[in-house]
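What follows is the residue order along each chain.
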Amino acid sequence: MTPRTTPSSGSDSKKTVEKPAVEKAQEQAAEKTSVAKKATAKTANAAEKAADAMRKGTTKKATAAKTDAAKKAAAKKTPAKKVPAKKTAAKEAPAKKATAKKAVAKKAVAKKAGAKTTAAKSTTTSKSTAGKKASAKRIPAQKTAPKKIPAQKAVPVELPAAPADVAVSPALDAADRDRLLTGTHHAPHSVLGAHPVPGGVAFRAFRPYALSVTVVVDSLRAELHDDGEGFFSGLLPLLEVPAGYQFLVGYEGSVQETEDAYRFLPALGELDLHLIGEGRHEELWKALGAEPMTHQGVTGTRFTVWAPNARGVSLAGTFNFWDGTGYPMRSLGGTGVWELFVPGIGEGELYKFEITRPDGSKTLRADPLARRTEAPPHTSSIVYASQHEWGDAQWLERRGSVPTHEAPLSVYEVHLASWRPGLTYRQLAEQLPAYVKDLGFTHVELMPVAEHPFGGSWGYQVTGFYAPTARLGTPDDFKYLVDSLHQAGIGVLMDWVPAHFPRDDWALAEFDGRPLYEHEDPLRSAHPDWGTLEFDFGRREVRNFLVANAIYWCEEFHIDGLRVDAVASMLYLDYSREPGQWVPNEHGGRENLDAVAFLQEMNATVYRRVPGVVTIAEESTAWDGVTRPTHVAGPGGFGGLGFGLKWNMGWMHDSLEYMAKEPVHRKYHHNEMTFSMVYAYSENYVLPISHDEVVHGKRSLVSKMPGDWWQQRANHRAYLGFMWAHPGKQLLFMGQEFAQGAEWSEAHGPDWWLLDPAYGAEPDHRGVRDLVRDLNTVYRHTPALWQRDADPAGFQWVVGDAADDNVLAFLRYDAEGAPLLAVSNLSPVVRHEYRLGVPDDVPAWHEALNTDAARYGGGDVTNPDPVKPEPQGWHGRAASIRLTLPPLATVWLRPA
């Protein structure tokens, strides 16, 4: 056999043939086999054309093209060495005779190498066969060769009869080597892997720290030449690139058998790239990130990342000891997307992207579209493939049967990590659905579950927008929790945070060395309140990242609604900014037109793709049309933002301000309880008593109330009764359902010990929780309280101006006209025989709920018997009733 030596990178010297030990065999072989080759360094283009022809099966045409190209190049360049005519003539000898001569040389080489006679004979036989069948695609090798052999014992491969002009060394040139070593190569697949060249197929590998690399094509194997710095190359006598091959990579003490990652075509389609470039890929998570798959018949994982400013991107992870040098990714056109399919890598592998910035420095970044992450403080992304089988088909089928604003919606807001500290998603699934169902809430709202590095942010500073936090389990574990809630008949809303992101240097901030996800204008890139960065809503790829993210949670995790955080901070260019710190829009206004367009696109897309979901805006200003359809323009010329519901922050602030006053002063603030009805139908509202109202020195809900402990609890109960009867949906944060006295802390969660029967004041807290259960029960069975929340005809004041009495009374109507009368007495005195005007077509009223009932911890001042109207006009109505109003209480009455 005739092993090859390969010149160093960039060399123009010819490939040489090493002399065997037996001189006579060498002379005979040299005289008859015609192995002289001319330099073909400048025939690359013609060689590639020939390669294309060879791949199509036109072997003769390909050979002719290569020969012709080589001759043309030779005519322009003086050969380094002339081939004697005698040897050229020898090439034309019959194939059988030449093969016989080569067999003699083969035996001599094998003898020197210490090869066994049987191996030499087998190899000679295969070489003879190759000589007789010159058109074969590959040279058959020893069929009984073991599948795996140490690299240093690999059997060298001899060239068959070949054209006169064949390639010089297939080693990389200096420029490609340098770009690969510095992590700045945009097209590593064009030089690494297997490529047709004159004389065969060149194999090139880049394996830093490897001692040897052997290529295996079926049973044929050959050790590649070590070109230094982790580069290996070799030329195999194949007529076309094999459909599959493996590398045996030798390291100190081990040999690894692996597919070559650089033999695969791109695993991302043209349509995906087109949609990404347009910013319209609604399933972006299926195109970017880590996707386990079978590609070209091989299992592995496709890695893709958007980094348009990068000079190069490599893949680093547990599979390459976090050194991305040997795993460069290729750039796919002008989309800014980089891709690499890595065979043999599957679920559970940790990875990051090693990005070479425009200035040449490197940064190691987590995957922006990672669907699973390490638990903080660790920051790696994890290859993930879901195995969860959903069991909530019935829930999904019926959830969109009634529009949300016409359906009952009472929400229990939960911070999962602290609701029951220490529980995982699956453990929560055993407790949370049962608890929420028992209390009668229709939905839970989860504070942000997307991955975030700092627990003290409560999830509102997101780094992993596509990954549920690993603190509580895997993504499938979170799906299990959602599934369990659905099967218990409970909807799942989730806080979603597209307004900003933190500056962590392993996450999104200047992801590829320049502003990418954040706005490039410093005046618009940083959030002045939170020390975070704001998304560039005007960049189509960033908008696509966020719109697809909203869809992702709804489709992949069956989330029933997204409560969008901090919408006001997105809508205004001057939000928390002083004059000179912001630039007006193109019309001279303060509106962030990019953010408006993004929110409209997000809402329209989510509602189109996922029927039955609802989007909810936390918007604290009077922006016009938050819940108006996007195609309907308002007075300001803007189309609606397209949300389904909006948090009524004005109602929350006004009503809590009123309740915090001593009853003797409340008459001076009566309008704070009535003003909400002036604008109640301008949007579709949620009435929120959220986590924001029970932290940072604001005190818990019951602790906001004036008076002694009895009065505080009475005020608390009366307020909840007023809230549940007021037009709009309800939201209550955990712990407030049993009148927790302390503020919420993410470190320890609700004070569940208050419900321990061994605690002396346990009945006080249990009574409030029993009230919440009954509020929800009556609410769900009384359409008047929710069916016409968005219809002014569903509400009528009975008395809204009884400020001196601290009394509020109003009627709610369902779609059929059936009423409910709600009366709140927010003074600490009993009001006997209190007259209220009522409809004259109701023969009698009875109490449906009284927050002063003894079982709730009240004084049990009730109206136990039906109350019949009297024909005495009152409050502008023909009939009236006389009620006993308990102190600091709300009473609901329905037709008897």
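Parameters at a glance
- Residues numbered from 1 in each chain as written.
- Predicted model: local features only at pLDDT ≥ 70, side-chain atom pairs only at ≥ 80, totals over all residues.
- Heavy atoms only, no water.
- Helix = DSSP H or I, 4+ residues; strand = E, 2+ residues; numbered from the N terminus.
- Buried < 20%, exposed > 50% of the residue type's maximum accessible area, 1.4 Å probe, protein only.
- Contact = heavy atoms within 4.5 Å.
- Core = buried A, V, L, I, M, F, W, Y, C linked by side-chain atoms within 4.5 Å.
- Salt bridge = Lys/Arg side-chain N within 4 Å of Asp/Glu carboxyl O.
- Axes fitted to C-alpha atoms, helices over the stretch in contact; angles between N-to-C directions.
- Parallel < 35°, antiparallel > 145°, perpendicular 65-115°, else oblique.
- Nonpolar A, V, L, I, M, F, W, Y, C, P; charged D, E, K, R; others polar.
- Phe/Tyr/Trp six-rings, centres within 6.5 Å; stacked < 30°, edge-to-face > 60°.
- Lys NZ or Arg CZ within 6 Å of the ring centre and 35° of its normal.
- Pairing = 2+ DSSP bridges.
- Expected span 1.5 Å × (residues − 1).
- pLDDT = per-residue confidence, 0-100.
- Polar contact = N/O pair within 3.5 Å; in protein donor to acceptor, adjacent residues only side chain to side chain.

**What to know about the overall build of the protein chain**
A tally of regular secondary structure across the protein chain gives 23 helices and 33 strands. Considering the protein chain as a whole, with its 896 residues, one finds that 56% of them fall into the buried category. Residue pairs in contact within the protein chain that sit at least 24 positions apart in sequence constitute 72% of those at least 6 positions apart.

**What about the nonpolar core?**
Leu416, Phe478 and Trp553 are the most contacted members of the largest nonpolar core, which totals 173 residues. Here the element with the most residues in this core is helix α14 (residues 540–556); it accounts for 10 residues. Apart from the residues lying within four places of it in its own chain, the contact partners of leucine 416 are Tyr425, Leu428, Leu432, Leu446, Val449, Leu472, Phe478 and Leu481. One finds Leu811, Leu821, Val823 and Ile881 within the second-largest nonpolar core, a separate group that totals 21 residues.

**With respect to the pattern of salt bridges**
With the rule as written, the count across this model stands at 39 salt bridges. Of the charged contacts, one joins glutamate 541 and arginine 539 as a salt bridge, the two residues approaching to 3.3 Å between their closest N and O atoms. According to the relative accessible area criterion, glutamate 541 is buried, its value standing at 14%. With a relative accessible area of 24%, arginine 539 lands in the partly exposed category. Residue aspartate 624 is joined to arginine 628 by a salt bridge in which the shortest nitrogen-to-oxygen separation is 3.0 Å. Relative accessible area serves as the criterion here: at 37%, aspartate 624 is assigned to the partly exposed category. Linked by salt bridges that have partners in common, Glu282, Glu283, Lys286, Glu555, Arg608 and Arg609 make up one network.

**Quick word on the packing of helix α11 (residues 425–439) against helix α23 (residues 762–780)**
Direction vectors running N to C along α11 and α23 enclose 70°, while the axes themselves pass 7 Å from each other. Judged by the inter-axis angle, α11 sits roughly perpendicular to α23. On α23, the residues touching Tyr435, Asp438 and Leu439 of α11 are Arg769, Val772, Arg773 and Asn776. Classifying every residue of the contact of α11 with α23 by side-chain character gives 3 nonpolar, 1 polar and 3 charged.

**Some details on the packing of aromatic side chains**
The final tally for this structure, using the stated rule, is 45 aromatic pairs. Relative to tryptophan 752, the ring of tryptophan 419 lies with its centre 5.4 Å away and its plane at 80°, an arrangement referred to as edge-to-face. Remark: tryptophan 752 occurs in the loop between β26 (729–733) and α23 and tryptophan 419 occurs in helix α10 (residues 416–419); sequence separation between them is 333 residues. By relative accessible area, tryptophan 752 is classed as buried at 15%. The residue whose ring lies beneath arginine 420 is tryptophan 752, and the NZ or CZ to ring-centre distance is 4.1 Å. Lying across the ring of tyrosine 480, arginine 426 places its NZ or CZ 4.5 Å from the centre.

**Remarks on the sheet that holds strand β22 (residues 561–564)**
The sheet built from 8 strands closes into a barrel, its strands ordered β17-β18-β21-β22-β23-β24-β25-β26 with parallel pairing. Neighbour to neighbour, the strand axes of the sheet diverge by 25° on average, direction disregarded. Examined bridge by bridge, strand β21 (residues 491–496) and β22 share 4 bridges and lie parallel to one another. If you follow tryptophan 496 over to β22, its bridge partner there is valine 564. Contacts from α14 reach β21 and β22, with the element oriented near 155° to β21.

**Some details on the sheet that holds strand β5 (residues 225–228)**
Pairing is antiparallel in the open sheet, where 4 strands are placed in the order β1-β2-β6-β5. A strand with exactly one partner marks an edge of an open sheet, and here the two such strands are β1 (193–197) and β5. Mean inter-strand twist for the sheet, computed between neighbouring axes without regard to direction, equals 25°. The pairing of β1 with strand β2 (residues 200–206) spans 5 bridges and is classified as antiparallel. Residue histidine 195 lies in a different strand from β2, and its bridge partner there is alanine 202. Across the sheet, helix α7 (residues 174–181) lies against β2, β5 and β6 (231–236), angled at about 135° from β6, the strand it touches most.

**Quick notes on α23**
Working note: α-helix, 3.6 residues per turn, so residues spaced by three or four point in the same direction. Over its 19 residues, α23 extends 27 Å from the first C-alpha to the last, a length consistent with the 27 Å expected when each residue adds 1.5 Å. Within α23, 14 of the 19 residues are buried, leaving the element largely enclosed by the surrounding structure.

**Looking at the environment of glutamate 657**
One can find glutamate 657 in helix α17 (residues 649–659). Along the sequence, glutamate 657 and methionine 673 sit 16 residues apart, while their C-alpha atoms lie 9.2 Å from each other.

**Examining the side chain of asparagine 603**
Secondary-structure assignment places asparagine 603 in helix α16 (residues 593–609). By relative accessible area, asparagine 603 is classed as buried at 0%. Beyond its immediate stretch of four places on either side in the chain, asparagine 603 contacts Thr615, Leu641, Gly642 and Phe643.

**Here's the deal with unusual backbone geometry**
For the bond running from proline 376 to proline 377, omega is 10°, close enough to zero to count as cis. Looking at the secondary structure, you find proline 377 in the loop between β15 (362–365) and β16 (381–382). Although it is not a glycine, alanine 566 sits at a positive phi angle of roughly 55°. Relative to the helices and strands, alanine 566 is located in the loop between β22 and α15 (567–571). Residue class for alanine 566 comes out buried when judged on its relative accessible area of 10%.

**Examining the confidence of the model for the protein chain**
Per-residue confidence for the protein chain averages 85 on the pLDDT scale, and 81% of its residues sit at or above 70. This stretch, residues 1–168, has a pLDDT under 50; its non-local contacts, to residues over four places away or in other chains, come to 189 contacts.

**Topic: helix α22 (residues 709–725)**
Helix length check: α22, at 17 residues, gives a terminal C-alpha distance of 25 Å against a target of 24 Å (1.5 Å per residue), a fit within 8%. Within α22, 14 of the 17 residues are buried, leaving the element largely enclosed by the surrounding structure. Of the residues that open α22, the one with a side-chain oxygen 3.2 Å from the backbone nitrogen of tryptophan 710 is aspartate 708.

**Some words on the pairing of strand β33 (residues 889–895)**
Two faces belong to every sheet, and in a regular strand the side chains alternate between them. Burial analysis of β33 places 5 of its 7 residues in the buried class, the great majority of the element. Where strand β29 (residues 819–825) lies against β33, 5 bridges are found, and the strand directions are antiparallel. Note on β33: the bridge partner recorded for serine 824 is threonine 890.

**Comments concerning the packing of α22 against α23**
Contact geometry of α22 with α23 gives a least axis separation of 11 Å together with a crossing angle of 10°. Our classification of the angle between α22 and α23 gives roughly parallel. Between α22, through Trp709, Arg713, His716, Arg717, Leu720, Gly721 and Trp724, and α23, the contact on the second element is made entirely by Asp764, His765, Val768, Leu771, Val772, Leu775, Asn776 and Tyr779. For the contact of α22 with α23, the residue count by class is 8 nonpolar, 4 polar and 3 charged.

**Some points on the environment of tryptophan 553**
Turning to its location among the elements, tryptophan 553 is positioned in helix α14. Excluding its chain neighbours within four sequence positions, the residues that come into contact with tryptophan 553 are Val449, Ala450, Phe465, Tyr466, Ala467, Pro468, Phe478, Met494, Trp496, His558, Ile559 and Leu562.

**Comments concerning the side chain of asparagine 549**
Mapped onto the elements, asparagine 549 comes out in helix α14. Relative accessible area serves as the criterion here: at 0%, asparagine 549 is assigned to the buried category. Those residues in contact with asparagine 549, other than ones at most four positions away along the chain, are Phe465, Tyr466 and Trp496.

**Observations regarding the pairing of strand β28 (residues 807–813)**
Of all 7 residues in β28, 7 are buried, a share of seventy percent or more. The side-chain alternation of β28 yields two buried faces, one formed by Val807, Ala809, Leu811 and Tyr813 and the other by Leu808, Phe810 and Arg812. Sheet topology places strand β27 (residues 795–802) next to β28; 5 bridges connect them, and they run antiparallel. Residue pairing for β28: glutamine 796 is matched across the bridge by leucine 811. If you look at the hairpin formed by β27 and β28, you'll find 4 residues sitting between the two strands, and asparagine 806 has a positive phi there, around 55°. Pairing of β28 with β29, which is carried by 7 bridges, proceeds in the antiparallel orientation.

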